[in-house]
Amino acid sequence: MGNDVREFHFSQDDFNQVRNVLYKVAGIKLADSKDSMVYSRLARRLRALKMNRFSDYLRFLSSNEEEIEHFINGLTTNLTSFFRENHHFDILHNHFVQTKGKQRIWCAASSTGEEPYSIAICAAEAYGTMNPPVEIIATDIDSNVLATASAGVYPMPRVQGIGATRLKQFFHRGVGSNAGKARVVPELRQLITFDKLNLTDAAWPNLPNDFDIIFCRNVMIYFDRPTQMAVLGKLVSHLSNNGLYFAGHSESFLNASTLVKPIGKTVYRKVEA
Ligand SMILES: C[S@@+](CC[C@H](N)C(=O)[O-])C[C@H]1O[C@@H](n2cnc3c(N)ncnc32)[C@H](O)[C@@H]1O
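Colleague: Tell me what's going on with the sheet that holds strand 4 (residues 171-173), and back it up with residues and numbers.
Modeller: Read from one edge of the open sheet, three strands run 3-5-4, paired in antiparallel fashion. The open sheet has two edge strands, strand 3 (153-155) and strand 4, and neither has a second partner. On average, adjacent strands in this sheet sit at an angle of 30 degrees to one another, irrespective of strand direction. Strand direction decides the pairing type here: strand 3 and strand 5 (residues 181-184), joined by three bridges, are antiparallel. Paired with Tyr154 across the strands is Ala182, a residue of strand 5.

Colleague: Tell me about helix 1 (residues 12-26), and please be specific about residues and values.
Modeller: Under the 1.5 Å per step criterion, the end-to-end length of helix 1 is 21 Å for 15 residues, consistent within 8% with the ideal 21 Å. Residues Asp14, Phe15, Val18, Arg19, Leu22 and Ala26 constitute the buried set of helix 1. All buried residues of helix 1 lie within an arc of 140 degrees about the axis, which places them on one face of the element. In helix 1, the exposed positions angled more than 90 degrees off the buried face are occupied by Asn20 and Lys24. Buried residues belonging to helix 1 abut helix 2 (35-48), helix 3 (54-63) and helix 4 (67-75). Of the residues trailing helix 1, Gly27 is marked for its positive phi of about 75 degrees.

Colleague: Any chance you could break down the sheet that holds strand 7 (residues 211-216) for me, citing the residues and the numbers?
Modeller: Within the open sheet, the seven strands sit side by side as 6-2-1-7-8-10-9. Their pairing is mixed. Two strands bound the open sheet, and with one partner strand each, they are strand 6 (192-196) and strand 9 (260-264). With strand direction ignored, the average angle separating the axes of adjacent strands in the sheet is 25 degrees. Here four bridges tie strand 9 to strand 10 (residues 267-270), and the two strands are oriented antiparallel to one another. Among the inter-strand pairings, Gly264 is bridged to a residue of strand 10, identified as Val267.

Colleague: Explain the pairing of strand 1 (residues 103-108) to me, and be specific about the residues and the numbers.
Modeller: Most of strand 1 sits inside the fold, with five of its six residues counted as buried. With six bridges joining them, strand 1 and strand 2 (residues 134-140) adopt parallel strand pairing. In the sheet register, Ile105 faces strand 2, and the bridge partner there is Ile136. Since strand 1 and strand 2 lie parallel, the crossover through helix 6 (residues 114-127) that links them has a hand, and here it is right-handed. Summarising the sheet, strand 1 and strand 7 pair through four bridges and their orientation is parallel. When the sheet's bridge partners are listed, Cys107 is paired in strand 7 with Phe215.

Colleague: Could you give me a rundown of the domain arrangement of the protein, with the residues and numbers involved?
Modeller: Size of an interface: often given as the accessible area lost when the parts come together. Taken domain by domain, the protein comprises domain 1 (12-75) and domain 2 (87-270). The interface of domain 1 with domain 2 comprises nine residues on the first partner and 11 residues on the second. Buried surface at the junction of domain 1 and domain 2, both sides included, amounts to about 800 Å², of which 43% is carbon and sulfur. For the pair domain 1 and domain 2, the number of links is one salt bridge. Mapped onto the side of domain 1 that touches domain 2, the elements with two or more residues apiece are helix 1 and helix 4. Partitioned by chemical class, the residues of the side of domain 1 that touches domain 2 number five nonpolar, two polar and two charged.

Colleague: Explain the site of the ligand to me, using residue names and the numbers behind them.
Modeller: Residues in contact with the ligand amount to 23 residues; listed here are only the nearest, Thr80, Ala109, Asp140, Arg217 and Asn218. Within the side chain of Asn78, a nitrogen or oxygen atom sits 3.0 Å from an oxygen atom of the ligand. Here a nitrogen atom of the ligand and a backbone polar atom of Ala109 are 2.8 Å apart. Considered class by class, the residues forming the shell around the ligand number 10 nonpolar, eight polar and five charged.

Colleague: So, the nonpolar core: which residues are in play, and what are the values?
Modeller: Across soluble globular proteins, nonpolar side chains show a tendency to be buried alongside one another. If you look at the biggest cluster of nonpolar residues, it comprises 49 residues, and the most contacted ones within it are Val38, Phe71, Trp106, Leu199, Leu235, Tyr245 and Phe253. If you list the elements that add at least two residues to this core, you get helix 1, helix 2, helix 3, helix 4, strand 1, strand 7, helix 11 (225-237) and strand 8 (239-247). Among the elements that take part in this core, helix 2 stands out by supplying six residues, more than any other. Two domains each donate at least three residues to this core, and these are domain 1 (12-75) and domain 2 (87-270). Setting aside residues up to four positions removed in sequence, Trp106 forms contacts with Ile137, Thr139, Leu197, Leu199, Trp204, Leu207, Phe211, Ile213, Ile214, Phe215, Leu235 and His238. Ranked by size, the runner-up nonpolar core spans 39 residues in total, among them Ile121, Ala124, Val134 and Phe171.

Colleague: Please set out the packing of aromatic side chains residue by residue, giving values where relevant.
Modeller: Inspection of every chain in the model, using the stated rule, returns 18 aromatic pairs. Arranged with centres 5.9 Å apart and planes meeting at 80 degrees, the rings of Tyr245 and Phe253 form a pair that is edge-to-face. Measuring from ring centre to ring centre gives 6.5 Å for Tyr245 and Tyr268, while their planes differ by 65 degrees; the resulting arrangement is edge-to-face. Of this pair, Tyr245 sits in strand 8 while Tyr268 sits in strand 10, and the two are 23 residues apart along the sequence. Here Tyr245 and Tyr268 have matching classes, each one buried. Among the aromatic side chains, those forming a connected cluster through ring pairs are Phe8, Phe10, Phe15, Tyr39 and Phe54. Looking at Lys29, its charged tip hangs above the ring of Tyr23, at a distance of 4.7 Å from the centre. Above the ring of Phe83, the side-chain terminus of Arg166 is found at 3.9 Å from the ring centroid.

Thresholds applied
- Numbers given to residues run from 1 along each chain, matching the order in which its sequence is written.
- Only residues with pLDDT of 70 or above have their local features reported here, since the model is predicted, and side-chain atom pairs are shown and tallied only from 80 upward, although totals for entire chains, interfaces and linings are computed over all residues.
- To get the side-chain values, all heavy atoms of the structure are used, and hydrogens and water are removed first.
- The rule for pairing is simple: two strands pair if DSSP sees at least two bridges between them.
- Numbering of helices and strands starts at the N terminus; helices are DSSP runs of H or I of at least 4 residues and strands are runs of E of at least 2.
- Axis definition: a line fitted to C-alpha atoms, over the contacting stretch in the case of helices. Angles run 0 to 180 degrees between N-to-C directions.
- Helix span, as expected, comes to 1.5 Å for every residue beyond the first.
- Remark: exposure states derive from per-residue accessible area (1.4 Å probe, protein chains only) relative to the maximum for the residue type, with buried under 20%, exposed over 50%, and partly exposed in between.
- Throughout, the arc means that of the directions going from the helix axis to the C-beta atoms.
- Any two residues whose heavy atoms approach within 4.5 Å are treated as being in contact.
- With the strands pointing away from the viewer, any crossover whose connection runs clockwise from the first strand over the helix to the second is right-handed.
- Residue ranges for the domains originate in an automatic or database domain assignment.
- When two components associate, each loses some accessible surface as probed by a 1.4 Å sphere; the sum of these losses over both components is called the buried area.
- Note on definitions: salt bridges are taken to be side-chain nitrogens of Lys or Arg within 4 Å of carboxyl oxygens of Asp or Glu.
- When residue character is reported, Ala, Val, Leu, Ile, Met, Phe, Trp, Tyr, Cys and Pro are called nonpolar, Asp, Glu, Lys and Arg charged, and the others, Gly included, polar.
- By convention in these notes, a residue is near a molecule or strand provided one of its non-hydrogen atoms lies within 4 Å of it.
- Any pair of nitrogen or oxygen atoms within 3.5 Å is treated as a polar contact; in protein, a donor-acceptor pairing is required on top of that, and neighbouring residues in sequence qualify only through side-chain atoms on both sides.
- Each nonpolar core is a collection of buried residues, namely Ala, Val, Leu, Ile, Met, Phe, Trp, Tyr and Cys, held together in the definition by side-chain atoms within 4.5 Å.
- Aromatic rings from Phe, Tyr and Trp, taking only the six-membered ring of Trp, are treated as a pair when their centres fall within 6.5 Å; an angle between ring planes under 30 degrees marks them as stacked, one over 60 as edge-to-face, and anything in between as tilted.
- We call a charge positioned over a ring when the NZ of a Lys or the CZ of an Arg lies within 6 Å of the ring centre and within 35 degrees of the ring normal.

So, in structure tokens, the structure goes:
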């Protein structure tokens, strides 16, 4: 595995062990081609722990419960952006406009927060108030991204794409040591509760089972089909009848017709029980 030029010894067996552990603890299935990615992401942990070989790290991992968190945080892929897959937000906007009463929304796999804040902005715009009748629960397995999400502070290049009007209404520009950054306004921040949740855990913490909307986008792609179907079934059991399920652009549940029916591009409605 190219060990001549590598700082740490990393064998095929080490890679296979990493894959097995990651699948077991997070349901994430890594392709054969991901060995360089695994090496570079976990090399930071070996450096921090002053270890020379991946085999030492794997032994340490197996006997140190706390290291699992670093391991997961290191290996998740957290790519996201504000108003990603923008067509979903048009549908969401229309849903808000047509719906009376409080909307309960779960943003599962919310990464660094751009997705739940986009949902909150969409609600503020649709209801025409900074205090829209929505309650958003945003969860992720990765404690680092949850901390970033909870802080709600982003480098300007990450927020600029939302446009000047939204930027002015929903963010405060940083000054002094925060120059070049923007912070989500407190009114939006208050609409969201951030929590750690592993979608592949057998038991989930106490969660409402009457969400009106679930966003679970671009995380199922990391799971194999049996895991996807098991997670989808559990997520849908937390949706109210007729609740909406937003999936990622390459996640199709057309063959899950007993659970959800498609109502738009990667948007589904819960099939009534
Ligand atoms: C590519 S990001 C997608 C973020 C956002 N949903 C979006 O579409 O822009 C995938 C997220 O899924 C999270 N994730 C991976 N495995 C998970 C699991 N088993 N349970 C919960 N979240 C998980 C990762 O930590 C990461 O933040």
